[in-house]
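Below are the chains, spelled out letter by letter.
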Number of protein chains: 2
Amino acid sequence: MSQASNGTRVVDQARDALAAYVRSAPEGSKLPPERELAQKLGVSRTTLRDGVSRLALLGLLEVRHGDGTYVRSPDATQLALPFRSLLEYNPEAPSELLALKRLLEPALAATAASNATDEDVAALRAAIQHERSELLRYSDRRRVPRRQPARRSLESLMVAAAGSSLVGTLVGLATELLRPTLSERLPPAFRQLAVEQRGAIVEAIAIGEPDAARGAMELHLNTLAKALDAVDQNLAPTREAAGVAGAALA
Amino acid sequence: MSQASNGTRVVDQARDALAAYVRSAPEGSKLPPERELAQKLGVSRTTLRDGVSRLALLGLLEVRHGDGTYVRSPDATQLALPFRSLLEYNPEAPSELLALKRLLEPALAATAASNATDEDVAALRAAIQHERSELLRYSDRRRVPRRQPARRSLESLMVAAAGSSLVGTLVGLATELLRPTLSERLPPAFRQLAVEQRGAIVEAIAIGEPDAARGAMELHLNTLAKALDAVDQNLAPTREAAGVAGAALA
DNA sequence: CCCTGGCATAGGTCCGACCTCTTCTGCTAC
DNA sequence: GTAGCAGAAGAGGTCGGACCTATGCCAGGG
């Protein structure tokens, strides 16, 4: 195992024992009560709780007050926590997240285009259709309402279509961290263009053309970057970025 | 502040209070003892320790047994922890890490070529020279000795030259996680080629040619990927990967 | 001058008690 | 018979205090 794990501290042993326990347990299963588990591992409940807390922070466990502790599979949402604290210090975070997406997502879209199943394509189209209908319904309001948690984003579906890889996890992470900034700072008029660009990505994936998907994604992210830059300089972003997108589409 | 922070749990309040404390404290400063700090925040020492443990896991604090708790600035090393646990499950981790590096590092090398100062270049050349001498000294041994902690890797210097960005952090992270696998699974004969390829990258950065740096980095990573694939299939990697590198150099 | 030993202080672990929340159960009222 | 509420049971959350162990510092002896 990793050499960073061992140590003379009891809590590390407890954490490793717990990690081994969790590894062999099925997703969603319930752990024994803390008192019982502590006795079984030969440590105090305080120490056990410390170890549980660390694994919970890593997303391997979910602790529910009054109910129990459950085995979870870590995903981007859990990993977002450490990154969030890191990015809170940095005012450049949005542009850096976007830069990261520009490096990763074109490749991810290409992979998705090669691997997507019919079900993936159906889900992607449904997501786009949902975005379109949402756009129509709330086009006259300033604030976009809270999106339904059940509805997965285009990015997460793309990640699924490309296969759950490290790159996919990072893309999901960056997307989640960037989402609030985009919805706050970009004018609503931009959503129309963004949705259509995302639709183009989906269709490129649907017909299984990696290069087309890559190009469509690059175009989309370039547009977003331009818009964000314009907002940063207190300019009206609509004209310039829309012009860029239009020229590229022609 | 983040809405994920608040909650009815005492430990969350303590953690937030601590985070605020840490934010305003200078790097390297020492926190008050746990007993005192717990009383000051109005929570028990158990709860305070839980909060401290979480911030330590995020890399914002460093706890030293018998000494004290110190304020730290989070870096890639700290962020590596959650990722390490995530990647321990995945046997495909090395190839995925390498895939990530292939997406990020060429761009990073290009940026470094545009931004590197004379001091950066000097440090990069020194790092390469050190790798060369190390190669000579230990060329007849199987194991490469533990590298000096004071000596920074080519990657971390490149990150510094490119400016400390999110992409740089991720590259440093991937490099650190991948290092043990590479040193274990790649034959020692490969180090000679790798060092020379890295030297080419450094010289491209030195003369300020982004495209050359990008290309040199792509070549280096392609070679690594080929070699790793060959090892995975229990083949002798030297011939094939060296051939690829030679062809690309011609 | 260096080394060594011990003391003060810091974090690490344990215990046992109590609090709060969730769930389930069984009684009660309609 | 069913809907709804109250209580019990059991889970995690918090507490305070005791003791263990590692570190840093300083005095004393070589």
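Residues numbered from 1 in each chain as written. Chains lettered and ligands numbered in written order. Predicted model: local features only at pLDDT ≥ 70, side-chain atom pairs only at ≥ 80, totals over all residues. Heavy atoms only, no water.

Here the focus is the protein's contact with DNA strand C. Near DNA strand C, the surroundings consist of 25 residues, among which Val10(A), Thr47(A), Glu34(B), Arg45(B) and Arg49(B) are the closest. A breakdown of the atoms of DNA strand C within 4 Å of the protein gives sugar and phosphate a share of 65%. In the environment of DNA strand C, a base nitrogen lies 3.0 Å from a nitrogen or oxygen atom belonging to the side chain of Arg35(B). Measuring from a phosphate oxygen of DNA strand C, one finds a side-chain N or O atom of Thr69(B) at 3.4 Å. Contributing elements (two or more residues each) for the surface near DNA strand C: α1 (10–24) and α3 (45–57) of chain A together with α2 (34–41), α3 (45–57), β1 (61–64) and β2 (68–71) of chain B. For the surface near DNA strand C, the element with the highest residue contribution is α3(A), accounting for three residues. Class assignment of the residues belonging to the surface near DNA strand C gives a composition of five nonpolar, nine polar and 11 charged. (Near = heavy atom within 4 Å. Polar contact = N/O pair within 3.5 Å; in protein donor to acceptor, adjacent residues only side chain to side chain. Helix = DSSP H or I, 4+ residues; strand = E, 2+ residues; numbered from the N terminus. Nonpolar A, V, L, I, M, F, W, Y, C, P; charged D, E, K, R; others polar.)

Here we come to the side chain of His220(A). Residues and elements named next belong to chain A. In this fold, histidine 220 is placed in helix α10 (residues 210–232). You can call histidine 220 buried: its relative accessible area is 3%. Look past the residues within four positions of histidine 220 in its chain and what remains in contact with it is Ala194, Gln197, Arg198 and Ile201. (Buried < 20%, exposed > 50% of the residue type's maximum accessible area, 1.4 Å probe, protein only. Contact = heavy atoms within 4.5 Å.)

In this section: the protein's contact with DNA strand D. Around DNA strand D, 25 residues are found, and the nearest of them are Glu34(A), Arg45(A), Arg49(A), Val10(B) and Thr47(B). For DNA strand D, the fraction of atoms within 4 Å of the protein that belong to sugar or phosphate moieties is 64%. Taking Arg49(A), its side chain carries an N or O atom lying 2.6 Å from a phosphate oxygen of DNA strand D. Between Arg35(B) and DNA strand D, the recorded distance is 3.4 Å, taken from a side-chain N or O atom to a base nitrogen. Listed by contribution, the elements that provide at least two residues to the surface near DNA strand D are α2 (34–41), α3, β1 (61–64) and β2 (68–71) of chain A together with α1 (10–24) and α3 of chain B. The element best represented in the surface near DNA strand D is α3(B), accounting for three residues. Partitioned by chemical class, the residues of the surface near DNA strand D number five nonpolar, nine polar and 11 charged.

Turning next to the pattern of salt bridges. Residues and elements named next belong to chain A. Throughout the structure, instances matching the rule amount to 26 salt bridges over all chains. Here arginine 45 makes a salt bridge to glutamate 34, at a shortest N to O gap of 3.0 Å. Separated by 11 residues along the polypeptide, arginine 45 in helix α3 and glutamate 34 in helix α2 bring together distant segments of the chain. Arginine 64 is paired through a salt bridge with aspartate 67; the nearest N and O atoms lie 2.8 Å apart. Among the charged side chains, a salt-bridge network with shared partners connects Asp12, Arg15, Asp16, Asp50 and Arg54. (Salt bridge = Lys/Arg side-chain N within 4 Å of Asp/Glu carboxyl O.)

What follows is about helix α8 (residues 166–185) of chain B. With 20 residues, α8(B) should reach 28 Å at 1.5 Å per residue; the first-to-last C-alpha distance of 29 Å fits that figure. Roughly 40° is the biggest bend found in α8(B), and it falls at Leu178(B), with proline Pro180(B) one to four residues downstream. (Expected span 1.5 Å × (residues − 1). Bend = angle between axes of the 7 residues up to and from the residue.)

A few words on the pairing of β1(B). Relative to β2(B), β1(B) runs antiparallel, the two sharing four bridges. Among the inter-strand pairings, Glu62(B) is bridged to a residue of β2(B), identified as Tyr70(B). (Pairing = 2+ DSSP bridges.)

Further remarks concern the confidence of the model for chain A. Residue and element names in this part refer to chain A. Looking at chain A as a whole, its pLDDT mean stands at 77, while 74% of the residues score no less than 70. By mean pLDDT, helix α11 (residues 237–249) is the weakest element of chain A at 48, and β2 is the strongest at 94. Residue range residues 1–5 is modelled with pLDDT below 50. Its contacts to residues more than four positions away, or to other chains, number seven contacts. The model gives residues 140–151 a pLDDT under 50, and that stretch makes 10 contacts with residues more than four places away or in other chains. (pLDDT = per-residue confidence, 0-100.)

At a minimum axis separation of 11 Å, α3(A) and α3(B) run at an interaxial angle of 40°. Compared by their axis directions, α3(A) and α3(B) come out oblique. The crossing of α3(A) and α3(B) is right-handed. Across the interface between the two elements, Asp50(A), Ser53(A), Arg54(A) and Leu57(A) of α3(A) pack against Asp50(B), Ser53(B), Arg54(B) and Leu57(B) of α3(B). (Axes fitted to C-alpha atoms, helices over the stretch in contact; angles between N-to-C directions. Parallel < 35°, antiparallel > 145°, perpendicular 65-115°, else oblique. Left-handed = near helix turned anticlockwise from the far one by under 90°.)

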